[in-house]
Each structure stands twice: as structure tokens, then as C-alpha cells.
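Coordinate inspection notes
Here are the chains, one letter per residue:
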Amino acid sequence: MNPRRKQRLMAVSAILLLLSGAVGAMLYALQENVDLFYTPSQLLEGIGKDKVKPVPGQRLRIGGMVVPGSVKRDETTLKVSFDLVDTGPIVTVHYEGILPDLFREGQGIVAQGTLLDATNIAATEVLAKHDEDYMPPEVAAAMKGIKHVPPSKNSPQQTYPAQNYPSQSYPTKTEPDQSSQQPKPATEAKQ
Amino acid sequence: MFKWLDPYAKPETLYRICGLWFPWLMTAAVATLLLGTVWGLAFTPADYQQGDSYRIIHIHVPSAIWSMGAYSSMAIAALIALVWQVKAAQWAVGAIAPIGAVFTVIALFTGAAWGKPMWGTWWVWDARLTSELILLFLYLGVIALSGAFADRQTGAKASALLAIVGVVNLPIIHFSVEWWNTLHQGATITKFAKPSIDASMLWPLLISILAFGLWLAALTCLRLKTAILQNEQHRPWVRQLAASAVKGE
């Protein structure tokens, strides 16, 4: 390789190396902010070195698995509440609206909303998360014992506890200032 | 070490090779594309959770994989163009960029169309979706930058450098679903483990991936041929070619 080519190769490699280093450092610094959602354990135990916990009134996303048997529907309205779990702690999501088709007990979901207190969230949007496994229904029934049942059929009619968090009295999308007035934890950007 | 490659960098030889390969690549691409998509979209069983909606995977995954594959090949060509100053490699960068950009658009669009019925949203700013969108902007940047200078050589150099630098984004796209919490699910087949998709769905998917790869190669050959003719139009061999084409009519 002649010296000029070698020089150019070194220059290009140096630029690439420096830039990957910079991007790597940046992403490392932003690690928690790049996450789309909190898991229930992160919500209760805090994240990062400083164990920053979100404060009530903060808008955030929460992701976890719907605890089987925890879905409670209101008989007359679209209000629904359910519990989310990842590895231990359980948080409750309160939502009024139509749930995605994939929503069912045992399914991963991501909810966006406002933190009411340590373990309650008033959600304005619920998204279903699916895993990377794909198989025909027969195979799923044989392997996992899963039968495809629409969520409306597998949860017995449970009444929504009326004393729990009526959605009007808590800060929702209409009062976004509430969270910005409070001291901002580093995780604010996650919203 | 790479001395044996030198003759292929000669525009005239490269033009002949591209012309020779194009019909085969295109035929193979169309055949596998038909087989893969028809089999995948119409004849595979429905998924146990997602029903028929998951079938879009047979277009989404191949286009997403090759949007990154095209970027890597473009970056390799850009490196050769910058360091060894091979003209043909520089034209290859320009030939691949729009194809890769279209593959990225297909991946983003089919992803959105899949996300709406399954996740409940067209778009969410999670790490996977955002980094794939950045890939599209990188392609557009490479295309735009090559035409942004009065001096074409400067433009070519700048776009080649951007193409190389953008490689940083590729591992971010691939590992985004492992490094961070995302709405997008993890890898199904591009991992060092048994693919987590049933064999009846895996085969048409693999055929589709092969098809998109062949399609990318065929289109690159075609575009590279045009680029060679455009850039060499005043050379004797192109004039000869044009003259014999006119005589042949």
C-alpha cells in the first residue's frame, strides 16, 4: 500500500473511531433516557446509579406483563384497570378507552399516562407489545398450552371499584404543567 | 493482496460484468420474490396471537435487513472510493443509495402498517424505530450531499465520508431492542440461537430475504451500468458501444 493511501486509510479510520467513541459515550450517558418505558421494578426502586424515582404527577410510560386475573372492567363504561408486573413489584394501571386487540392477560403492554401515586397510573394510551415468537395456533396449543381467546371472554365480569381514582380528579393531558413545575429528575426526557 | 481485483475496477470491464449478471440476478430475484411473498402472504398458517396480521413480516423483515445490508455495501464502496480512489466504487455509492433508501421506506411503512393493528399505534419513538428513521436520513444525506457541491469530486468525497461515518448507526439499529426497553420486539432470526418462528413460516421468510438480496444486487447492477455510461460517455469504448447499438437497430 503506498504512503498516500495508507495516510487516507488512517484518516478515515481515525474519524470513524472517534465518532463511534463519541456516539458510544453519548448513548451511554443517555442510557436510561433512551428507554421507552419504566418497568414496574424501575418505577418502585428507581433507575440508574442515583435510584431516581418518578414523582406523582409526572407523565411517563410503564411497560410490563398484565397479571392474569387482574383485569377489572366497569360494566357500564369503558373504564378498565389492570395490574402490571415484571420481576417482582406490581403496579396498577387505570384506563378509559378501547384496548388494542392484542391486549390480554399475560400479554406485555406499554401504557402512557400520569403517575398518581407510587403504584397507580392513570393511562391515556395503552399499546400492546408482542414477542418475537411466531407459530401457528396448533403449535402454540401443543407447545405452550395457549388457546387464542379474545380478552372479553376470558375475564369474568368484574366490577370496577368505584372508589378507585376517578379519572377526572387527577392530572391528565390537559394539565401538563404540573410535572414541569416540580424538580426535574433526569428521567423527564423519557416522556 | 487485492491485486486480482484491479481489472474489475476498470469501468469497461465492470460494465460488461454488470450487463452479464443483471438478467440472471433479476430473473432469480423475480422468481424468489414471487415464491416468497405468495407463499408467505397466502399459504402460511396464521399466527397464534396476531392472526393474519403477522404476514407482513414477509415484506417487513427482508426490506429491513437489506436496508442495513445495502448500507454496509454502500459504506464498503465508499471506503474503497476514498482510500483507493477507485472511480467505479464512487459510482457504486451513488447507485446503491437510492435503492437502500427505498428499502428503508418500505421497512418503515410496513412496520407502521403492522404496528397500527397490533401495538395500537402507527409510530412510537422507541430506539428501534428512531434508529431506522435515522438510517433513512443518512441515505437521504448521502444522496443530497453528492449533488450539493459545484465540484462533483468534492461532493462525491463528502457523501462517501458520510456513508462511512453512518455505519455507526448499524449496530445501534440491530442491538437497540437488546440495549433498551422498546415497544419493538427482539430479533426473531438474526441471532445466535434457533429462530423463534415456526418452520412453516420460516422458509417463506428466508426465501423472501434471499429475494430482496437478489433484487438489491440486480438493481445495483442496472444503476451502476447507467452511472458508468454517464460518467464515461466521452470515452472511445462508450462511443463504440453507442455506434454499434445504432447500427444494430
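Only a predicted model underlies this, so the values are computations on that prediction, with no experimental measurement involved.

Considerations on the overall build of chain A
Scanning chain A for helices and strands turns up six helices and six strands. Secondary structure elements of chain A, listed N to C terminal, follow the sequence α-α-α-β-β-β-β-β-β-α-α-α. Across the 191 residues in chain A, those meeting the buried criterion constitute 40%. Put simply, of all contacts in chain A between residues at least 6 apart along the chain, 60% involve residues at least 24 apart. Accessible surface for chain A amounts to roughly 10400 Å². Of this, 56% is attributable to carbon and sulfur atoms.

Notes on unusual backbone geometry
Working note: non-glycine residues mostly have negative phi, and peptide bonds are mostly trans. All names here are of chain B. One non-glycine residue, Gln 85, lies in the positive phi region at around 55°. One can find Gln 85 in the loop between α2 (57-83) and α3 (87-118). Exposure remark for Gln 85: the relative accessible area of 41% places this residue in the partly exposed category.

Side note on the UniProt feature "domain: Cytochrome c assembly protein" (unreviewed entry) in chain B
As recorded in UniProt, the feature "domain: Cytochrome c assembly protein" (unreviewed entry) lies at residues 8-184 of chain B. Strand forms 0% of residues 8-184 of chain B and helix 77%; the C-alpha atoms that close the span are 42 Å apart.

Some words on the environment of Lys 10 of chain B
By the element assignment, Lys 10 of chain B lies in the segment before α1 (11-43). Between the alpha carbons of Lys 10 of chain B and Ala 88 of chain B there is a distance of 7.4 Å; along the sequence they are 78 residues apart.

Considerations on the UniProt feature "transmembrane region" (unreviewed entry) in chain B
Residues and elements named next belong to chain B. As recorded in UniProt, the sites labelled "transmembrane region" (unreviewed entry) are residues 21-43, 63-84, 91-113, 133-150, 162-181 and 201-222. Secondary structure content for residues 63-84 is 95% helix and 0% strand, and the end C-alpha separation is 31 Å. The span residues 162-181 is 75% helix and 0% strand, and its two end C-alpha atoms sit 29 Å from each other.

Quick word on the pairing of strand β6 (residues 120-129) of chain A
Residues and elements named next belong to chain A. Counting buried residues in β6 gives seven out of ten residues, a clear majority hidden from the surface. Of the strand pairs in this sheet, strand β4 (residues 90-96) and β6 are connected by four bridges, and their pairing is parallel. Across the sheet, residue Val 93 finds its bridge partner in β6, namely Ile 121. Summarising the sheet, strand β5 (residues 108-117) and β6 pair through nine bridges and their orientation is antiparallel. Residue pairing across strands places Gly 113 opposite Ala 123, the latter belonging to β6. Counted between consecutive antiparallel strands, the loop separating β5 from β6 contains two residues.

Description of the packing of α1 of chain B against helix α7 (residues 199-231) of chain B
Residues and elements named next belong to chain B. Interhelical geometry of α1 versus α7 gives an angle of 150° and a closest axis separation of 6 Å. The angle between the axes of α1 and α7 places the two elements in the roughly antiparallel class. The way α1 lies across α7 gives a crossing that is left-handed. When its residues are assigned to classes, the contact of α1 with α7 shows 29 nonpolar, six polar and one charged.

Some points on the UniProt feature "binding site: heme" (unreviewed entry) in chain A
On the UniProt side, "binding site: heme" (unreviewed entry) is annotated at positions that read His 130 and Tyr 134 of chain A here. On the secondary structure map, His 130 of chain A appears in the loop between β6 and α4 (137-143). Within polar-contact distance, the side chain of His 130 of chain A engages the side chain of Gln 50 of chain B at 3.1 Å. Here Tyr 134 of chain A is to be found in the loop between β6 and α4. Judged by relative accessible area, Tyr 134 of chain A falls into the buried class, the value being 1%. Beyond its immediate sequence surroundings of up to four residues, Tyr 134 of chain A is in contact with Asp 47, Gln 50, Tyr 54, Ile 57, Trp 114, Gln 185, Thr 188, Ser 196, Ile 197, Asp 198 and Met 201 of chain B.

Observations regarding the interface of chain B and chain A
The parts lose accessible area when they come together, and the size of an interface is often stated as this lost area. The interface of chain B with chain A comprises 44 residues on the first partner and 43 residues on the second. Roughly 3700 Å² is buried in total at the junction of chain B and chain A, and carbon and sulfur atoms are behind 64% of that figure. Per-residue buried area on chain B facing chain A is highest for Tyr 48, Gln 49 and Asn 181 of chain B; these three make up 22% of the total on that side. The interface formed by chain B and chain A contains zero salt bridges. One can count 17 residue pairs in polar contact (both at pLDDT 80 or more) joining chain B with chain A. Going through the elements one at a time, α2, α3, α5 (152-165), α6 (169-179) and α7 of chain B are the ones with two or more residues in the side of chain B that touches chain A.

Comments concerning the packing of α3 of chain B against α7 of chain B
Helix-helix packing: each pair is described by the crossing angle between the helix axes and the interaxial distance. All names here are of chain B. Contact geometry for α3 and α7: axes closest at 8 Å, N-to-C directions at 135°. Overall, the two elements α3 and α7 adopt an arrangement that is oblique. Two packed elements cross with a definite hand, and for α3 against α7 that hand is right-handed. Two secondary-structure elements touch here, α3 through Ala 88, Trp 91, Ala 92, Gly 94, Ala 95, Ile 96, Pro 98, Ile 99 and Phe 103 and α7 through Phe 212, Trp 215, Leu 216, Leu 219, Thr 220, Arg 223, Leu 224, Ala 227, Ile 228 and Asn 231.

Cut-offs and rules
Residues numbered from 1 in each chain as written. Chains lettered and ligands numbered in written order. Predicted model: local features only at pLDDT ≥ 70, side-chain atom pairs only at ≥ 80, totals over all residues. Heavy atoms only, no water. Helix = DSSP H or I, 4+ residues; strand = E, 2+ residues; numbered from the N terminus. Buried < 20%, exposed > 50% of the residue type's maximum accessible area, 1.4 Å probe, protein only. Contact = heavy atoms within 4.5 Å. Areas by Shrake-Rupley, 256 points an atom, 1.4 Å probe, with all protein chains shown as cover. UniProt positions renumbered as here; feature names shortened; annotations may be inferred. Pairing = 2+ DSSP bridges. Axes fitted to C-alpha atoms, helices over the stretch in contact; angles between N-to-C directions. Parallel < 35°, antiparallel > 145°, perpendicular 65-115°, else oblique. Left-handed = near helix turned anticlockwise from the far one by under 90°. Nonpolar A, V, L, I, M, F, W, Y, C, P; charged D, E, K, R; others polar. Polar contact = N/O pair within 3.5 Å; in protein donor to acceptor, adjacent residues only side chain to side chain. Buried area = accessible area lost by both parts, 1.4 Å probe. Salt bridge = Lys/Arg side-chain N within 4 Å of Asp/Glu carboxyl O.

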